[in-house]
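# Breakdown of the fold
Given next are the chains, with one letter for each unit.
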Amino acid sequence: MDEHILLLVDDPREAQAIVTQLAAAGITAKVASPRDVAAAIRDCTLGAALLTEKMLDRYGIEGVTAAVEAQPPWSDCPVLLLTHRDYVPSTDRKAVMELANITLVERPLHTESLVTAARGALRARARQRKAQAVLEAHDAAEAQVRALAASLEARVIERTSALTTEMQQRALAEVRLRESEELYRLTLDLNDQIAWSAAAGGAPLLVGERLYEVTGLSFEKFANGDWSSVAHPDDLALIGEVWERAGTVGAAFDVQFRVRRGDGNYRWVRSRGAPRRDADGNVAQWYGTVEDIDERHQAEERYNRLQSELIHVSRGSAMGAMASTLAHELNQPLTAIANYVRGSRRMVGALTGDGVAGVLDALGQADASVIKAVEVVRRLREMAAHNQDQRRAENLPDLIREASKMALADAGVLEIAYKIDLDPSATTVFADKIQIQQVLTNLLRNAVEALTPNGLRRIGILTKLVGDACVITVRDTGTGVSPPAAPRLFEPFNSTKLAGLGIGLSISRTIVEAHGGQIWHEARPGGGAIFRFTLPCAPVARQPAATPAHH
Ligand SMILES: Nc1ncnc2c1ncn2[C@@H]1O[C@H](COP(=O)(O)OP(=O)(O)OP(=O)(O)O)[C@@H](O)[C@H]1O
Ligand SMILES: [Mg+2]
């Protein structure tokens, strides 16, 4: 900065002399107004001020004090005060002189002392300016540090909040994961199938908690196929074979066998396992399940027992019905024989000759045999009639569903689609359940047997309330009945099948008619057969609540 000295001198000639003397020494000095001097001190835009005591008395005391006090911290503007040796400062002026950086320059004015004082003042000023630069640099550095600190703090706050959010999210995710693991575990525990996985060599990786509960084996024994302590002796060979094949060629398995429980009872379990193979085809890991299937097994056995019981009962019922049919069919010819025998005896009795007595005796025996046969027939009919005492109100939908389930148990294997379509108002029939199930079984098995391997394989079972009767329909998409064969369908011992007895339909007719119903055949448009029979509805079915008006 080009430093200069501002002058506040009352005598213009003295002022001019000072400017000249200082200029000769290379120092710029300018005369200024008291206000400009005060402003220059305040704003630090001068190198130094030079004023006479008179000017200080006139303007300086307040203006200079205020300007001096208003300087920035680094600035202490040098002030040269031209004064007489005997100058006595007033109290006010003393205060200014203590406050300000004042150098006295005594009169009479010597160029040398003036220039020395001026140089000293400017040097001091130059040092202040250097200090200012240092201070400003320091301030700038400090500001930079503050800005950096602020931005760092902002980033720390930002990162902290991001981290907090991240941690909260992670904590939440962990909670969710735990919950889902818990759910998975609970689901596994609830599941009847206990999952396990094992390394290729059999080392356990994951085992459901209930493995021991169900198998009575530790995982190690389980993985080694060491069932000898718990499995039923009869099943050990099967288990050994399965484990052998799994261990040697990695064969997947699905076996059922019995294991002994703590209470000494055996229960059926199903064990399944399959390997996961690596790219080279080697077993990498095993997965599997173990399941206690004892209840299912027992249910299956119960079902099989029930079915064989039903077949047994049906046979009894079929025999009863056949007896009734036979009785019906035999009665007329027997009566005719009896009449012919008696007529013959009368005619032979009128003859004479050697052999007559013998013929009469033979005819008498024939008559006795006929009477015996009629008696057998009568008893057969009685027996059949006796069988019909089992009739009562039965729920038709239940009866139909049960019979279809039994008669069509193999529908899945035989790839037959069957559909049951029940009229909700046909609810109760008055019938012997076993016998009606026998009719349904006969019709359904005939339908199954009529289906062709490559044709449509469908069977429909329908009910419909018509007036006071329930009409039950069994229809199929099989070969159908040829028109010439149709009239003889319900006759006994009429069969087109290699292994058929030809009594199914005849027995069915006997049963249905004994129930007060009718049975008939209709050709199915588009191929196949329709068999329908009616049964009287039980009185309860006629109550308005049970059967809404329906025709
Ligand atoms: N749904 C049907 N479709 C085509 N033909 C049928 C059908 N039902 C019965 N038939 C014909 O009627 C005949 C008599 O049937 P029925 O049930 O009385 O005897 P079966 O089935 O031959 O022998 P089984 O006494 O073993 O039942 C059958 O041989 C068959 O020719
Ligand atoms: Mg049949």
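A few points on the structure. (Residues numbered from 1 in each chain as written. Chains lettered and ligands numbered in written order. Predicted model: local features only at pLDDT ≥ 70, side-chain atom pairs only at ≥ 80, totals over all residues. Heavy atoms only, no water.)

## Looking at the site of ligand 1
Every one of the 19 residues lining ligand 1 counts as a neighbour, but Asn446, Ser495, Thr496, Lys497 and Leu505 are closest to it. A distance of 3.0 Å is found between a nitrogen atom of ligand 1 and a side-chain nitrogen or oxygen belonging to Asp476. Between ligand 1 and the protein, one listed contact pairs an oxygen atom with a backbone N or O atom of Leu505 at 2.8 Å. Breaking the shell around ligand 1 down by element, the ones donating at least two residues are α12 (433-450), α13 (504-514) and β17 (529-536). Of the residues contributing to the shell around ligand 1, the split by class is eight nonpolar, nine polar and two charged. (Near = heavy atom within 4 Å. Polar contact = N/O pair within 3.5 Å; in protein donor to acceptor, adjacent residues only side chain to side chain. Helix = DSSP H or I, 4+ residues; strand = E, 2+ residues; numbered from the N terminus. Nonpolar A, V, L, I, M, F, W, Y, C, P; charged D, E, K, R; others polar.)

## Concerning the packing of α12 against α13
Closest axis-to-axis distance for the α12/α13 pair is 9 Å, and the angle between their directions is 150°. Compared by their axis directions, α12 and α13 come out roughly antiparallel. In terms of crossing hand, the pair formed by α12 and α13 is left-handed. Contacts from Gln435, Ile436, Gln438, Val439, Asn442, Leu443 and Asn446 of α12 reach α13 at Gly504, Leu505, Ser508, Ile511 and Val512. Classifying every residue of the contact of α12 with α13 gives six nonpolar, six polar and no charged. (Axes fitted to C-alpha atoms, helices over the stretch in contact; angles between N-to-C directions. Parallel < 35°, antiparallel > 145°, perpendicular 65-115°, else oblique. Left-handed = near helix turned anticlockwise from the far one by under 90°. Contact = heavy atoms within 4.5 Å.)

## Concerning the nonpolar core
Of all hydrophobic cores here, the largest spans 38 residues; its most connected members are Leu440, Leu443, Ile459 and Phe533. Going through the elements one at a time, α11 (396-407), β13 (428-431), α12, β14 (458-466), β15 (469-476), α13 and β17 are the ones with two or more residues in this core. Of all the elements, α12 adds the most residues to this core, at seven residues. (Core = buried A, V, L, I, M, F, W, Y, C linked by side-chain atoms within 4.5 Å. Buried < 20%, exposed > 50% of the residue type's maximum accessible area, 1.4 Å probe, protein only.)

## Regarding the packing of helix α1 (residues 12-24) against helix α5 (residues 111-190)
Contact geometry for α1 and α5: axes closest at 10 Å, N-to-C directions at 70°. Our classification of the angle between α1 and α5 gives roughly perpendicular. Between α1 and α5, the contacting residues are Ile18, Gln21 and Leu22 on the first element and Thr111, Leu114, Val115 and Ala118 on the second. Here the residues of the contact of α1 with α5 sort into five nonpolar, two polar and no charged.

## Topic: the packing of aromatic side chains
According to the stated counting rule, one finds six aromatic pairs in the structure shown. On the basis of an interplanar angle of 75° and a centroid distance of 4.8 Å, the ring pair of Trp227 and Phe257 is categorised as edge-to-face. One end of the pair, Trp227, is in the loop between α7 (219-223) and α8 (236-249); the other, Phe257, is in strand β8 (residues 253-260), and 30 residues separate them in sequence. For Trp227, a relative accessible area of 1% puts it in the buried group. Ring centres of Phe490 and Phe531 lie 6.2 Å apart, and the angle between their planes is 70°; this geometry places the pair in the edge-to-face category. (Phe/Tyr/Trp six-rings, centres within 6.5 Å; stacked < 30°, edge-to-face > 60°.)

## As for unusual backbone geometry
Note the cis peptide between Arg107 and Pro108, where omega equals -5°. Here Pro108 is to be found in the loop between β5 (101-106) and α5. We note that Cys44 has phi near 60°; this positive angle belongs to a residue other than glycine. With respect to the secondary-structure elements, Cys44 resides in the loop between α2 (34-43) and β3 (48-52). Take Cys44: its relative accessible area is 5%, and that puts it in the buried class. The phi dihedral of Glu415 is positive, around 55°, even though this residue is not glycine. One can find Glu415 in the loop between α11 and β12 (417-421).

## Comments concerning the sheet that holds β15
Spatially, the five strands line up as an open sheet ordered β12-β14-β15-β17-β16, and their pairing is mixed. Edge positions in the sheet fall to β12 and β16 (519-523), since each has one partner strand and no second. Strand-to-strand, the axes of this sheet are offset by a mean angle of 15°, without reference to chain direction. When β15 meets β17, the two strands line up antiparallel, connected through seven bridges. Its bridge partner lying in β17, Cys470 is registered against Leu535. (Pairing = 2+ DSSP bridges.)

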